[in-house]
Amino acid sequence: ISGVDNNLESVNFIDSNTGWISGDQGIIIKTTNGGINWIPQNSGTTLSLESVYFTDSNSGWAVGNSGIMLNTTNGGNDWTAQSSGTIPILESVCFSDSNTGWTVGTSGIILKTTNGGLNWLTQTSGTTEWLLSVFFTNSSTGWATGFQGTILKTTNGGDNWIPQISGTQNYLSSVYFTDDNTGFIV
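Engineer: How should the side chain of Asn 12 be read in this particular structure?
Structural biologist: Following the sequence through the fold, Asn 12 ends up in strand 1 (residues 8-13). By relative accessible area, which is 12% here, Asn 12 ends up buried. Only 2.8 Å separates the side chain of Asn 12 from the backbone nitrogen of Phe 54, close enough to count as a polar contact. Contacts of Asn 12, omitting those with residues within four sequence positions, involve Thr 18, Gly 19, Trp 20, Val 52, Tyr 53 and Phe 54.

Engineer: Even after reading the chapter, I still don't get the packing of aromatic side chains, so can you show me in this structure?
Structural biologist: Working definition: an aromatic ring pair is given by the centre-to-centre distance plus the angle between the planes. On inspection of all chains with the given rule, the structure shows 11 aromatic pairs. Ring centres of Phe 54 and Trp 79 lie 5.9 Å apart, and the angle between their planes is 90 degrees; this geometry places the pair in the edge-to-face category. With a gap of 25 residues between them, Phe 54 in strand 5 (residues 49-54) and Trp 79 in the loop between strand 7 (69-72) and strand 8 (80-82) connect regions that are remote in the sequence. The same class applies to Phe 54 and to Trp 79, which are both buried. With a centroid separation of 4.6 Å and 45 degrees between ring planes, the pair formed by Phe 135 and Tyr 176 is classed as tilted. Here Phe 135 is found in strand 13 (residues 131-136), whereas its partner Tyr 176 is found in strand 17 (residues 175-177), with 41 residues between them in sequence. Residue class for Phe 135 comes out buried when judged on its relative accessible area of 11%.

Engineer: How should the sheet that holds strand 16 (residues 162-164) be read in this particular structure?
Structural biologist: Within a sheet, each strand pairs with its neighbour through backbone hydrogen bonds, oriented either parallel or antiparallel. The antiparallel open sheet is built from 4 strands, whose spatial order is 13-14-15-16. Where the open sheet ends on each side, the last strands, each with one partner, are strand 13 and strand 16. Adjacent strand axes in the sheet meet at a mean angle of 25 degrees, parallel and antiparallel pairs treated alike. As paired elements, strand 13 and strand 14 (residues 142-146) share 5 bridges and run antiparallel to each other. Paired with Phe 136 across the bridge in strand 14 is Gly 142.

Engineer: Would you mind going over the nonpolar core with me for this structure?
Structural biologist: Proteins that are soluble and globular tend to have nonpolar side chains buried together. Membership of the largest hydrophobic core comes to 24 residues, with the highest contact counts inside it found for Ile 110 and Trp 161. Those elements that provide at least two residues to this core are strand 6 (60-64), strand 9 (90-95), strand 10 (101-105), strand 11 (110-113), strand 13, strand 14 and strand 17. Among all residues touching Ile 110, those that are not within four sequence positions of it are Trp 102, Thr 103, Val 104, Leu 121, Thr 122, Gln 123, Ser 125, Leu 131, Leu 152 and Trp 161.

Basis of the calculations
Residues numbered from 1 in each chain as written. Predicted model: local features only at pLDDT ≥ 70, side-chain atom pairs only at ≥ 80, totals over all residues. Heavy atoms only, no water. Helix = DSSP H or I, 4+ residues; strand = E, 2+ residues; numbered from the N terminus. Buried < 20%, exposed > 50% of the residue type's maximum accessible area, 1.4 Å probe, protein only. Polar contact = N/O pair within 3.5 Å; in protein donor to acceptor, adjacent residues only side chain to side chain. Contact = heavy atoms within 4.5 Å. Phe/Tyr/Trp six-rings, centres within 6.5 Å; stacked < 30°, edge-to-face > 60°. Pairing = 2+ DSSP bridges. Axes fitted to C-alpha atoms, helices over the stretch in contact; angles between N-to-C directions. Core = buried A, V, L, I, M, F, W, Y, C linked by side-chain atoms within 4.5 Å.

As structure tokens, this is what we get:
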């Protein structure tokens, strides 16, 4: 039991015991015992946090409404606002290592950082559809999914995004790959 009444939007675990959940009104909670207990963290915002992602037990990011982007370097004890340079809703964030990451959101926005989130550069997605999820298996290969059955794939770190045929017009809310060839989209 999470212990909060807010809508919860995203979950990310780095091992079987340690994980974080983000949600409405700036909620971030952390577990260190596999979800038996959840400890509230102070995100410093009341904006909805749509996605949380950690690369290790210390380095993590959360993104959400109004282009908010937060970073922690101490496991979530302290969260610092980073400038995304945008105001659309950011729906998902994923990092391939502690420096290289992507975030996606409204109007087909894709942003990339190569310096741990200090600076974010816009990548050309080729779509105006709302993107809901992004996932990378390494610093080159990744996917983004969204409204109207949108699936985009890159094999060069997001320099080019290639539309994929989904066969559906449904919203594709989440993408996850176990390796460069095997993945799941819902």
